[in-house]
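Structural description and commentary
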Amino acid sequence: MSSKGKAGRYRGSVKDFPNFDANQDAEALYNAMKGLGSDKEAILDLITSRSNKQRIEICHAYKALYGKDLIADLKYELTGKFERLIVGLMRPLEYFDAKEIKDALKGVGTDEKCLIEILASRTNQQIHALREAYKDAYERDLEPDVIADTTGHFKKMLVVLLQGTREEDDVVSEELVEQDAKDLLEAGEVKWGTDEAQFIYILGSRSKQHLRLVFNEYLKISGKPIEASIRGELSGDFEKLMLAVVKNIRSTQEYFADRLFKAMKGLGTRDNTLIRIMVSRSEIDMLDIREIFRTKYEKSLHHMIESDTSGDYKKALLKLCGGDDDAAGEFFPEAAQVAYQMWELSAVAKVELKGTIHPAPDFNADGDAKVLRKAMKGFGTDEDAIIEVVTRRSNSQRQEIIQAYKSHYGRDLIADLKSEISGALAKVILGLMMTPAQYDAKQLNKAMEGAGTDESVLIEILATRNNQEIQAINEAYKEAYHKTLEDALSSDTSGHFKRILISLALGARDEGGEDFTKAHEDAKKLSDVSSDDSTSLETRFLSILCTQSYPQLRRVFQEFIKLTNHDVAHAIKKRMSGDVRDAFLAIVLSVKNKQAFFADKLYKSMKGAGTDDRTLIRIMVSRSEIDLLSIRREFWDIYDKSLHHMIEKDTSGDYRKALLAICGEEN
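No experiment lies behind these values; they were computed from the predicted model shown.

What follows is about the overall build of the chain. Counting its secondary structure elements, the chain contains 39 helices and 0 strands. For 667 residues, the compact-globule formula gives about 26 Å, and the C-alpha radius of gyration of the chain, at 28 Å, lands near that figure. For the chain, the spread of C-alpha atoms along the principal axes amounts to about 95 × 65 × 60 Å. For the chain, with 667 residues in total, the buried portion stands at 51%. The contacts of the chain with a sequence gap of at least 6 include a subset with a gap of at least 24, amounting to 73%. When the accessible surface of the chain is summed, it comes to about 29600 Å², and 49% of that surface belongs to carbon and sulfur atoms.

Moving on, we get to helix α38 (residues 643-650). Every buried residue of α38 is listed here: Leu643, His644, Met646 and Ile647. Angularly, the buried residues of α38 cover 165° about the axis, an arc narrow enough to put them on a single face. In the core, the buried residues of α38 are packed alongside α35 (578-606), α36 (613-623), α37 (628-639) and α39 (653-663).

All right, on to unusual backbone geometry then. Although it is not a glycine, Asn19 adopts a positive phi angle of roughly 50°. Mapped onto the fold, Asn19 is located in the segment before α1 (22-33). Backbone geometry at Glu139 places phi at a positive 55°, although glycine is not the residue there. Within the secondary structure, Glu139 sits in the loop between α8 (124-138) and α9 (142-149).

For the rest of this paragraph, the subject is the environment of Leu318. Of note, Leu318 is situated in helix α19 (residues 311-321). Judged by relative accessible area, Leu318 falls into the buried class, the value being 15%. With 270 residues separating them along the chain, Leu318 and Thr48 place their C-alpha atoms 9.5 Å apart. Residues in contact with Leu318, not counting those within four places in the same chain, are His302, Ile305, Glu306 and Gly323.

Let us look at the packing of helix α6 (residues 93-105) against α8. Following both chains from N to C, one finds α6 and α8 inclined at 65°, their axes separated by 8 Å at the closest point. Compared by their axis directions, α6 and α8 come out roughly perpendicular. Both α6 and α8 take part in a crossing whose hand is right-handed. Of the residues in α8, those touching α6 at Leu93, Glu94, Tyr95, Asp97, Ala98, Lys99, Ile101, Lys102 and Leu105 are Gln126, Ala129, Leu130, Ala133, Tyr134, Asp136, Ala137 and Tyr138. For the contact of α6 with α8, the class distribution of residues is 11 nonpolar, 1 polar and 5 charged.

Another point: the nonpolar core. If you look at the biggest cluster of nonpolar residues, it comprises 105 residues, and the most contacted ones within it are Leu545, Phe584 and Met620. Per-element tally for this core: the top contributor is α35, with 14 residues. Ranked by size, the runner-up nonpolar core spans 97 residues in total, among them Ile58, Tyr134, Ile275 and Leu301.

Cut-offs used in this document
Residues numbered from 1 in each chain as written. Predicted model: local features only at pLDDT ≥ 70, side-chain atom pairs only at ≥ 80, totals over all residues. Heavy atoms only, no water. Helix = DSSP H or I, 4+ residues; strand = E, 2+ residues; numbered from the N terminus. Rg over C-alpha atoms; globule rule 2.2 N^0.38 Å. Buried < 20%, exposed > 50% of the residue type's maximum accessible area, 1.4 Å probe, protein only. Contact = heavy atoms within 4.5 Å. Areas by Shrake-Rupley, 256 points an atom, 1.4 Å probe, with all protein chains shown as cover. Arc of directions from axis to C-beta. Axes fitted to C-alpha atoms, helices over the stretch in contact; angles between N-to-C directions. Parallel < 35°, antiparallel > 145°, perpendicular 65-115°, else oblique. Left-handed = near helix turned anticlockwise from the far one by under 90°. Nonpolar A, V, L, I, M, F, W, Y, C, P; charged D, E, K, R; others polar. Core = buried A, V, L, I, M, F, W, Y, C linked by side-chain atoms within 4.5 Å.

Here it is as structure tokens:
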């Protein structure tokens, strides 16, 4: 199996051991397991420094010398995750894959993620070898076992992938590319219902080179990446499988970098996933995976394994990883190219933003006002009725309800709601009743009032709102607090941070297109580290990041990578600190993918012990009619769990009901 990557270079982290002697290694392993206890360090050192082919030879030599099965002895001597890892390394890759799939299918329930990972990522040759190994090991065919354990379109696509018949011709027909892109669009976006068979046929059979061009053409004619359409048109395990296929078509190495990150982030480690990838890619493309991992997550795979695992298990994983890419303090040039391509995708993608709250059909402000009055009249409060009305109406409809309530009852609806509901539920409902500009103005004021300032709130709002939203916030702030937002920021912040916030609060960001010559010049200004004057460095960043249009900044950040081999976010982290660093990073992340920025903040508000309700409420309320559905999709893509599920698990009572109503149905 070829593991030659760029320019024919070997890209695995494990290589043939020089001066290899199978008998000598078999003897060393026998001695390491002889007597009371075993020398685990000797076992892991030897096995992780031999190639798979050499390990198979050691197994044969061990049996010839001692009449014993080496894998059986290792299973007896070792335990837990360490045993699973070491034993996995002793099997040929196709037998390792066969065992993983057998384990995924056996017992109650199926490990769909394992099936998806293996079948979406393997080449035709690897699939054929896997089928033969499965038949040899378990005396049964793989395809009927998969069919018996899966259903629907998910099953159909798995069966297609199991054939191992993807086209491999690099000669691409431009006419067929255009036709396939058109067929995919007509099968999903422009059709009532979805023609899943068309997705299965095209994504399951065309060559990788062909499909990459189809994805580019699809983006051109639909204005959105194919992934966005798959999320919108498909669901469940079938959706996850098709997204995995697309990711592998684009870059198998990036797919595995993402899987490794998700296996280790947050509380707990998905050890089966971690072991499976480290074993199966160690002699294929681990160096490429490491490069992409560092670029995307701005930390090395080595560092994350080191932080997330322990003992002999950790030592063995680090040996397979093969090195720490943080040690040199520089990105690989190849990884910089990946970062450049990510900015290119961000620059050309036209993302269709969708909220979760829409204007209610057959809206009747008078009727809603009566429902709310009844819900608050007399003894007790009908919170369900309040939640139902307020979360099912658009903001402009809520403003009409406020007027109708006053006309009918001569009362202030906001005041009545304040007296009837309390706590986190009140913050959600009252936030929804304000206009977006009033709500943002209030959040900014709360961040600055009293002792101490909540800089993260100032950054989040001012770094992510467009010119029109900022100008509306300025007006609402002055009306509510009888002073300008600029004056408030000036009195509550200082130094470079103050200057950044005031620049953003002007709402005067350029709204023009792209100027490639200027982008190159600006990138040079940002990358110039010859001056020791930190003031001029921050001023240069401010003058570009706070004033240029988003399309222009994307080009500036691409040029920055060309000049430095670093993503601009990495440079900001390295050269700045505190609130200034956080503000500039928020701008960069917002330019790259604003919905991913909010998804990250939502995840952090709920992960671990306790919930940051202020952040959770602020984002749910403020993004509900703008892009919360898009944020939900990013949340799922990044964290492999739904926002709906996380809210459900992390909140309770009427507060949870209100948030889930805003979030919308789980999909």
